[in-house]
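# Secondary and tertiary structure notes
Chain residues, written in single-letter form:
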Amino acid sequence: MVYLISSEQRAILDDLIAALQLANAAKQFRQGKMDARSDYVSKNEFGTLTTAFNLMAETVQTQLHISDQAARMSGILAFRQIQNLTAQLEQQNSELEIQRQKIATQANDLSHQNSELEMQKQQMKTESSPQSSDVDYSRKWHTMAAVGTGVFLATVDGSIINVSLPTLVRSLNTEFAVVQWVVLSYLLTITCTMAGIGRLGDMVGKKSIYVLGFVVFTLGSVLCGLSPTVNWLVTFRILQAIGAAMTMALGAAIITEAFPLAERGKAMGIIGTIVSAGIVTGPALGGLILGVLSWRWIFFINLPIGILGTILALRFLPDFKPKGGQQFDIQGAFTLCSSLLSLLLGLTFGQQQGFSHPLVYVLTSFGIMLLAVFVFIEHKVKQPMIDPQLFTNRIFSVNLTTGIISFIALGGTVILLPFYLENILEFSPMKVGLLMGIIPLMLGITSPFSGTLSDLISSRKITMVGLVVMLIGYLSASTLSQETTALSYGIRIFAIGAGIGIFMSPNNSAIMGAAPRHQLGIVSGMMAQSRTLGQTIGVAVIGAIWAGRTLLYAGEIDRESATLAPVQAQISGMQDAFFTAAALVALALLLNFRAYLQETSESSDI
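Now for a quick tour of the structure. Predicted model only: the values in this text are computed from it and were never measured.

Attention shifts here to the packing of aromatic side chains. Throughout the structure, instances matching the rule amount to 6 aromatic pairs. Between the aromatic rings of Trp141 and Phe259, the centroid separation amounts to 5.1 Å while the plane-to-plane angle is 85°, which identifies the pairing as edge-to-face. In this pair, Trp141 sits in helix H4 (residues 140–160) while Phe259 sits in the loop between helix H8 (230–258) and helix H9 (264–292), placing the two residues 118 residues apart along the sequence. Taken together, a centroid distance of 5.4 Å and an interplanar angle of 85° make the contact between Trp297 and Phe300 edge-to-face. Here the residue Trp297 and the residue Phe300 both occupy positions in helix H10 (residues 297–300), the gap between them amounting to 3 residues, near one helical turn. On the basis of relative accessibility, which here comes to 41%, the residue Trp297 falls in the partly exposed class.

A few words on the state of the cysteines. For the coordinates displayed, the defined rule picks out 0 disulfides. Lacking any disulfide linkage, Cys337 is separated from the closest cysteine sulfur, that of Cys192, by 4.4 Å.

Ranked by size, the top nonpolar core spans 42 residues in total, and within it Tyr420, Leu421, Tyr474, Tyr489 and Ile493 carry the most contacts. Not counting chain neighbours up to four residues away, the residues in contact with Tyr474 comprise Ala409, Leu410, Thr413, Ile496, Phe578, Ala581, Ala582 and Val585.

All chains considered together, the criterion is met by 4 salt bridges. Residue Asp202 is joined to Lys206 by a salt bridge in which the shortest nitrogen-to-oxygen separation is 3.8 Å. The exposure class of Lys206 is buried, given its relative accessible area of 8%. One continuous salt-bridge network, built from bridges that share partners, spans Asp202, Lys206 and Glu257.

What follows concerns empty space enclosed by the protein. A complete count under the given rule lists 5 cavities of 30 Å³ or more for this structure. Size it by volume and the largest cavity reaches roughly 80 Å³. For the largest cavity, the lining is made up of 13 residues, of which Gly403, Phe407, Asn508, Met527 and Ser530 are closest to its centre. Of all the elements in the fold, those that place two or more residues in the lining of the largest cavity are helix H14 (394–424), helix H18 (486–513) and helix H19 (520–554).

What counts and how
Residues numbered from 1 in each chain as written. Predicted model: local features only at pLDDT ≥ 70, side-chain atom pairs only at ≥ 80, totals over all residues. Heavy atoms only, no water. Phe/Tyr/Trp six-rings, centres within 6.5 Å; stacked < 30°, edge-to-face > 60°. Helix = DSSP H or I, 4+ residues; strand = E, 2+ residues; numbered from the N terminus. Buried < 20%, exposed > 50% of the residue type's maximum accessible area, 1.4 Å probe, protein only. Disulfide = S-S within 2.5 Å. Core = buried A, V, L, I, M, F, W, Y, C linked by side-chain atoms within 4.5 Å. Contact = heavy atoms within 4.5 Å. Salt bridge = Lys/Arg side-chain N within 4 Å of Asp/Glu carboxyl O. 1 Å grid on protein atoms, 1.4 Å probe; cavity = no way out; pocket = protein on both sides within 12 Å on 5 of 7 lines; lining within 4 Å. Points joined across faces, edges and corners; volume = space filled by probe spheres on them.

Pasting the structure below:
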């Protein structure tokens, strides 16, 4: 059956069909079947559309013949579809509203967490460095002068005494094995006490202890010069070493507080230059004094420098007062000192008597046991001397470890090169002294530049460059032979000094930068302690490797003394020892590179 519809009725039906198509388009958009460029009907617009459609449906029913069943059914169907679409749209809008509320809640939670993290960051920043209002940076170079005087004095005294040992044997009517304790007692005391002194600096203030260190060192120097016997000299050297430890342990901490963050690397580089100047000056000054005056003036020369340093420290050092209520970890300090002393004595006796001696096993085993006890104590006490949480900081732990490794390699270098230059190449003592000055000279030249550069770019990259240069130097040194000339020796060996200088300043700056403000003293003490500990281990271990390999290459010839072995055996043993040092530096480089990859990965994830 065919029903006739007027043009007006047809227009109304067309409008209904268009409305239905528009509603379907809105539904498809909501379901993700159409992109954002398609027609879209909002909730409000859809409500208006529904009202309009209701009116149009009523008009259709009025204007069409009631008997027109097809038209009436089409209008009802369209109307029901639009009602269904409207209900679906309202449900989807309700679900979206719930999701928006959840997202808003999560955003509020994240905002709260970010606020807490920002507060923690600000607190850590406050603890890690003094507030600018607390520090007069215009006096930073006066502080550098005071600290530099202490560093120079301690470094000169550590090297000047070595040239006087033969003179002391004759003047004090003693044996070389006894007079060696003039050097050993000084080194052992400094190494064992610096961590405890650093902790005291954090508790009572660094300036007071630093000034007291100058006074004790100067007094000890005068008493050393007045010593009637070698036993008194060893005793007063211990007193002198305590004063030196007070200045050496806290110097880096004071510099960190006195200089702004942007210049910390440069300041550490200048300290490195002062260290190298002291190393170079010590032997030359000692030789000059012994040639003109008595051996006692080796110690008396410290009196005017010590007085000057005390005045500078009293006048210019910043005096930051730590918070009260802190307790000194006596058990931890005693255990650590005893452990280090036992280990160092074991290494010393091993170098002199051989590492297979029973006393060496007893001392080293006892030292390791005490070290384990110390770690246990530090995890239990409320205020430990060395906070175990420091080692969770990758920068602190990796840089401190690589620092120790590099100084182990350096200690072995310092002990072997004089034997090579004098016994193998048969150079004069003056020429040996000049050639031995290459390493500290290069250290002094490169240290300020690398320190300044570390203020501008990542210190990790610069330390890796320094380790690479050191590695090249040690590998080159492992090729030294009996035919090596002075020039060829200098070309090979300068890379060791340059590498140490490039590495040391940014490495020290990074360690101090990783320390919270209230722990600058202990971290400074640990950093200085790692230097002396590494050199002591290097002298003993790499020296023992050289002696053992030399005797192995010599066969049965003169099993008692490696220095009397055939020249080729000594050279082969020295090459193995330098290759061992190169392997240690390669290990330090690997640790740094691994840390660099981790830090790069973490920064890219942020």
